[in-house]
Structures are given as C-alpha cells and as structure tokens.
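# Structural description and commentary
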Amino acid sequence: MSEQKNYHLECTGAALGTVKQHTESEDITLFGSCFCPFVQRVWVALESPDEVDPYKKPADLLEVSPKGLVPGLKLHKYTPPRALNESTVILEYLEEALVRLQCDHVSRSIVPSFYRYLQAQEESAQIEHGKEFRAAIEGLVALLERAEREIVQGGGAAGVGEQKALGLGLGLWLEDGDLNLTDAVVAPWLFRATNVLKHYRGFEMPNGNKFDAWISRLFAHPAFKATCSTEELYLDSYERYAQNRPNTSQVANAINSGKPLP
Ligand SMILES: N[C@@H](CCC(=O)N[C@@H](CS)C(=O)NCC(=O)O)C(=O)O
C-alpha cells in the first residue's frame, strides 16, 4: 500500500509567494491553515495567516476559537485582545470595519473641510481649505481603492459569492454594486461640491476614471436622485455659509470656533 498523504502546514505556489511578502502586522493575528477553505475566505480579505495545526488544537488557537477550528482572529488593539472565530462572522466584521473606516473619514475630514472651505472669506484661507477638501475626497478614494485591492482582487482566491458579499463594503464604487452606507453618508456633500462649492468657490471635483464613474453612479442612483432639489435651491440656501453670515447655523458656528460639529 502506498504511503498515505498528510495535510500540509506550509503554503505552496502563489500562496507561498503571498505569505513571503507578508509583513508582520502587530494588530491582527489570523490563525489559519494553508489548506483550509474557510481560512481562505478570510485570507482574501486580510493578510496572510499564522499557520497552526487545527487538528492538534494548540492553546493559542483554542484561546481565540473555542472549538479549535481555523480560522480564528485575534485583534491586539484591544486590551485584553479580542477574539473572533467563524469565517462568515469574521468576514462580516471586516466588511463592517471597512465601511466604518470610510464613514469615519467622511465625518472627520470631508464634512468639516467642506464647511471650512465654504465659510472661508480670505482668499488665502479659501485656497488652503479648498486643498484640504480635495485631499479629504482623495483620502476617501484611497480607502475605497485599498478596500477593493484587499477584498475584490485579494489573491483572486474567493468565489464569486464571497466576493459579492465582501463587495458590500464598497457599495457603488463597484460597477455592479449597490448603494451602501458610505455612499449615502458622503453623497450629499459631494453633490453640493458640484454645485454650491463650484458656484461660490470655483471648485472642480478631482478627476479619475474610477472616481468619475463612481460619482456618476452615485448621482444617478434613483434613491439619491429622488432626494435632490434643483440647483437654485442649493445656491440660495448656502449663500449664508458662503458669506459666513453670523449665526448661520450650529455647524457654521462650530466651524468658526474650531469646535467639533454638533
Ligand atoms: N464554521 C467554521 C468552519 C471552520 C473549519 O471547519 N475549519 C477546519 C479547517 S478547514 C478546522 O479547523 N478543522 C479542525 C478540526 O476539525 O478539528 C468557519 O466557517 O470558520
């Protein structure tokens, strides 16, 4: 009888190349095994796993995955570190984390810089805040591009269904995506950038094939379109901000006093 084969504990082929490129991350450990399809699911969305033998159930695996199954995830940024198991739960966590990251950027950077730019009266301040607003949009694009790289193209190992599930974290950024939270959270300001900021500050949106296509999908989306008024309404309504009239709003006051937005 020929010798029985055993499972492998080291990647081969393209996966080995990917593992070798892996730079040690200090904030997340993915416990995995090179042969495991459940691990591969998570791997396409994340970095290379730390190889463990799930049949031997080492203590560090049991600590994060009570049944001793891979994948298991350890998030070191929490004290004590948090653990997660079950491939679909891990994927949902990652997708949510991506969308949260994007939404956080919109709230912290895009929205405040929109108002700083619009309310700025001095030409030098308008130039400065215009650059800041543009950089904030580019920052969101960078987050979307990174997510796309990590998720959709990540090793090309995911099945179509998994890619679609993870693509939820990218919304309309993907050609066949659906409107997601990030899209809804940022669209009103991007839209006003094309009319209000254009009119009062001469702002021109950044360009790029993917960016332009995303903006077109976003503005043409029926749910968004159905909420837009005519341009005149926006130009009239925002003149107060553009002239930085006293007590325009709580948002305007917060911007003027350097406080967080209400
Ligand atoms: N439902 C789990 C399944 C994970 C799973 O079964 N992993 C296998 C490797 S492919 C494992 O760890 N097996 C160890 C064992 O059977 O003791 C998930 O989606 O994460």
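Summary of the structure given here. (Residues numbered from 1 in each chain as written. Predicted model: local features only at pLDDT ≥ 70, side-chain atom pairs only at ≥ 80, totals over all residues. Heavy atoms only, no water.)

The subject of this paragraph is the packing of aromatic side chains. Across all of its chains, the model carries 17 aromatic pairs by this definition. Here the aromatic rings of phenylalanine 191 and phenylalanine 219 are separated by 5.3 Å at their centres, their planes lie at 85°, and the arrangement is edge-to-face. Of this pair, phenylalanine 191 sits in helix H7 (residues 181–201) while phenylalanine 219 sits in helix H8 (residues 209–220), and the two are 28 residues apart along the sequence. You can call phenylalanine 219 buried: its relative accessible area is 18%. (Phe/Tyr/Trp six-rings, centres within 6.5 Å; stacked < 30°, edge-to-face > 60°. Helix = DSSP H or I, 4+ residues; strand = E, 2+ residues; numbered from the N terminus. Buried < 20%, exposed > 50% of the residue type's maximum accessible area, 1.4 Å probe, protein only.)

A word on the sheet that holds strand S1 (residues 28–32). Spatial ordering of the open sheet is given by S2-S1-S3-S4, a layout of 4 strands whose pairing is mixed. The sheet is open, and its two edges are formed by strand S2 (50–51) and strand S4 (82–85), each paired on a single side. Of the strand pairs in this sheet, S1 and strand S3 (residues 72–75) are connected by 4 bridges, and their pairing is antiparallel. Paired with isoleucine 28 across the two strands is leucine 75, which belongs to S3. Strands in contact with helix H4 (residues 87–119) are S3 and S4; relative to S4, the strand with the most contacts, it is inclined by about 125°. (Pairing = 2+ DSSP bridges. Contact = heavy atoms within 4.5 Å. Axes fitted to C-alpha atoms, helices over the stretch in contact; angles between N-to-C directions.)

Further remarks concern the nonpolar core. In this structure, Leu118, Phe133, Leu190, Leu197, Phe203, Met205 and Trp214 are the most contacted members of the largest nonpolar core, which totals 40 residues. Going through the elements one at a time, H4, helix H5 (123–151), H7, H8, helix H10 (231–242) and helix H11 (250–256) are the ones with two or more residues in this core. For phenylalanine 203, the residues in contact, after removing those within four places along its chain, are Tyr117, Gly130, Phe133, Arg134, Ile137, Ala193, Leu197 and Lys198. If you look at the next biggest cluster of nonpolar residues, it comprises 10 residues, including Leu30, Leu75, Ile90 and Leu94. (Core = buried A, V, L, I, M, F, W, Y, C linked by side-chain atoms within 4.5 Å.)

Attention now goes to the environment of arginine 116. Its location among the elements puts arginine 116 in helix H4. Separated by 136 residues in sequence, arginine 116 and alanine 252 place their C-alpha atoms 8.5 Å apart. When near neighbours in sequence (up to four residues on either side) are disregarded, arginine 116 contacts His129, Glu132 and Ile255.

Attention now moves to the pairing of S1. With 5 of 5 residues buried, S1 lies mostly within the body of the structure. Side-chain alternation along S1 places Ile28, Leu30 and Gly32 on one buried face and Thr29 and Phe31 on a second face that is also buried.

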